[in-house]
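Chain by chain, the residues run as shown.
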Amino acid sequence: MIHFRYEHYQVAVNNDSPNRNVWEPSGADDQQLVSQALEEILASAPFRGSRRYPAMLRYIVGKTLANQHNELKERTIGVEVFGRPPAYDTNNDPVVRFSAGEIRRRLAQFYQESGTVSSIILELPSGTYVPRFHLRTHHVEHAEHEQAISHPEAEAHSADVVPVAEPAHGDH
């Protein structure tokens, strides 16, 4: 389970269940939301100083939105994004695997530090180059609290978005 600290919430993404809470964009409006979230990510400090990681993230998100996720293979990404020759040895040149790991780390950093208000959470699960998108389900703490009061059973079943306390000064 991966936990992203997201504003005043912790978003839990269950990697054991590949389709749990996954949102699939359909239509131009949804794709625009994903594109806006992607641009916010790419403009953030964890991605801003790099050319490699934004290029790969933009490529894999674009292919996914174009419903071409079947093309997201290590060799194809190496050729298309990193300019490797078509016959390059992926065992001797792990640029795609290394970059994917670094993108995962930087995404986690982005969600921990940014305070973004985007309604889309982008995830790159281990073992794949196909990103997943998650809708941020609770926008304000008050709405979640109201739901817990009026429907206490809903809180017991919801492990997707959990409020977390802000750290005291010096706990960073």
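Model, not experiment: these values are computed from the prediction. (Residues numbered from 1 in each chain as written. Predicted model: local features only at pLDDT ≥ 70, side-chain atom pairs only at ≥ 80, totals over all residues. Heavy atoms only, no water.)

A. Inspection of the packing of aromatic side chains at higher detail. Tallying each qualifying case throughout the model produces one aromatic pair. With a centroid separation of 4.9 Å and 75 degrees between ring planes, the pair formed by F110 and Y111 is classed as edge-to-face. Taken as a pair, F110 and Y111 share a single burial class, namely buried. Above the ring of Y88, the side-chain terminus of R75 is found at 5.7 Å from the ring centroid. (Phe/Tyr/Trp six-rings, centres within 6.5 Å; stacked < 30°, edge-to-face > 60°. Buried < 20%, exposed > 50% of the residue type's maximum accessible area, 1.4 Å probe, protein only. Lys NZ or Arg CZ within 6 Å of the ring centre and 35° of its normal.)

B. Representation of the pattern of salt bridges within the structure. Within the structure shown, the criterion is met by seven salt bridges. The shortest N-O distance in the salt bridge between R58 and E39 comes to 2.5 Å. Taken together, the positions of R58 in helix α3 (residues 52–65) and E39 in helix α1 (residues 28–42) put the pair 19 residues apart, joining distant regions of the chain. Owing to a relative accessible area of 39%, E39 belongs among the partly exposed residues under this scheme. The partner of R106 in a salt bridge is E102, and the shortest N-O contact between them spans 2.8 Å. Of this pair, R106 and E102 both sit in helix α5 (residues 95–113), four residues apart, which is roughly one turn of the helix. (Salt bridge = Lys/Arg side-chain N within 4 Å of Asp/Glu carboxyl O. Helix = DSSP H or I, 4+ residues; strand = E, 2+ residues; numbered from the N terminus.)

C. Summary view of the packing of α3 against α5. Remark: α3 packs on α5, axes separated minimally by 10 Å, with the N-to-C direction vectors making an angle of 90 degrees. One way to sum up the angle between α3 and α5 is to call them roughly perpendicular. Together, R52, Y53, M56 and L57 of α3 and V95, V96, F98, S99, A100, E102, I103, R106 and L107 of α5 make up the contact between the two elements. Per-class residue counts for the contact of α3 with α5 are nine nonpolar, one polar and three charged. (Axes fitted to C-alpha atoms, helices over the stretch in contact; angles between N-to-C directions. Parallel < 35°, antiparallel > 145°, perpendicular 65-115°, else oblique. Contact = heavy atoms within 4.5 Å. Nonpolar A, V, L, I, M, F, W, Y, C, P; charged D, E, K, R; others polar.)

D. Spotlight on the side chain of E123. With respect to the helices, strands and loops of the structure, E123 is situated in strand β3 (residues 120–123). Note on E123: relative accessible area 1%, which makes it buried. At 2.7 Å, the side chain of E123 forms a polar contact with the side chain of H134. (Polar contact = N/O pair within 3.5 Å; in protein donor to acceptor, adjacent residues only side chain to side chain.)

E. Examining unusual backbone geometry more closely. One non-glycine residue, N67, lies in positive phi territory at about 60 degrees. For N67, the position within the fold is in the loop between α3 and α4 (74–80). A relative accessible area of 58% means that N67 is categorised as exposed.

F. Region of interest: the environment of Y53. Of note, Y53 is situated in helix α3. The spatial distance from the C-alpha of Y53 to the C-alpha of E102 is 7.5 Å, given a sequence separation of 49 residues. In this structure, Y53 is in contact with F47, F98, S99, E102, I103 and R106, ignoring residues within four places of it in sequence.

G. Local environment of the packing of α1 against α3. Contact geometry of α1 with α3 gives a least axis separation of 11 Å together with a crossing angle of 175 degrees. Looking at the two axes, α1 sits roughly antiparallel to α3. Between α1 and α3, the contacting residues are Q31, V34, S35, L38, E39, I41 and L42 on the first element and P54, L57, R58, V61 and L65 on the second. Here the contact of α1 with α3 is composed, by residue class, of eight nonpolar, two polar and two charged.

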